[in-house]
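Residue-level structural notes
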Amino acid sequence: MGMQRAPVDAGERQLAAAQLDDIALAHAGKPWGSWKNIVVEWHVQALADTRAESWIPGMSGPQEPAVEQALTRLYSHHMRATIARLKAENTELRRKLIDAAACARFYANGGSDAGLRARAVLGTLVQPESTAAAEGVKQGQRH
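Residues numbered from 1 in each chain as written. Predicted model: local features only at pLDDT ≥ 70, side-chain atom pairs only at ≥ 80, totals over all residues. Heavy atoms only, no water.

**Structural notes on helix 3 (residues 65-108)**
Here is the rule: The secondary structure listing takes helices from DSSP runs of H or I that are at least 4 residues long and strands from runs of E that are at least 2 residues long, numbered from the N terminus. To estimate how far a helix should reach, multiply one less than its number of residues by 1.5 Å. Only protein chains enter the accessibility calculation, which uses a 1.4 Å probe. A residue is then buried if its area is under 20% of the maximum for its type, exposed if over 50%, and partly exposed in between. Pairs of residues are marked as contacts when any of their non-hydrogen atoms sit within 4.5 Å.
For helix 3, with 44 residues, the first-to-last C-alpha span of 63 Å sits near the 64 Å given by 1.5 Å per residue. Where helix 3 is concerned, the buried positions are L71, K96 and C103. Considering only its buried residues, helix 3 is in contact with helix 4 (116-125). In the stretch just after helix 3, G110 is the one whose phi turns positive, near 95 degrees.

Structure, rendered in structure tokens:
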């Protein structure tokens, strides 16, 4: 059976390259033997972090039925909450698209209001991150 490989994200590759560059700069001019252990430790820690982040329930062996049931309920709850949040976001994005299309239609039909309608629609379409995050907190959502 062949070895399975996950695709490498370009951002992850750039982060690893930057971390190795930092190690190399800190040990510039020193022989490889003097800083090889630091690179090995960095690599082993990266592998350990990846393993810790990729735990899959049930892959570690049989568990107590009560634990399995609790995990199933927890995952079901999170899935329902995620689906509900995505449906709400989808509805909001559709509303914004309809508003933007109505604004474009207004100007395409020769309407002129010195950009008042465009500014109003842009204000609803583009929210600063802090405003969007604050609204999510007000609604009891976590990002």
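**A closer look at the packing of aromatic side chains**
To keep things clear, this is the line we draw: Paired rings are identified among Phe, Tyr and Trp, the last through its six-membered ring, by centres lying within 6.5 Å, and are further divided according to the angle between planes into stacked (under 30 degrees), edge-to-face (over 60) and tilted (the rest). In our convention, an over-ring charge means Lys NZ or Arg CZ found within 6 Å of a ring centre and within 35 degrees of that ring's normal.
Per the counting criterion, the structure on display carries 2 aromatic pairs. With a centroid separation of 5.0 Å and 75 degrees between ring planes, the pair formed by W32 and W35 is classed as edge-to-face. One end of the pair is W32 and the other is W35, both in helix 2 (residues 32-53) and 3 residues apart, which spans about a single turn. Accessibility expressed as a relative area gives 47% for W32, which makes it partly exposed. A relative accessible area of 14% places W35 in the buried class. The aromatic ring of F106 is capped on one face by R117, whose charged end is 3.8 Å from the ring centroid.

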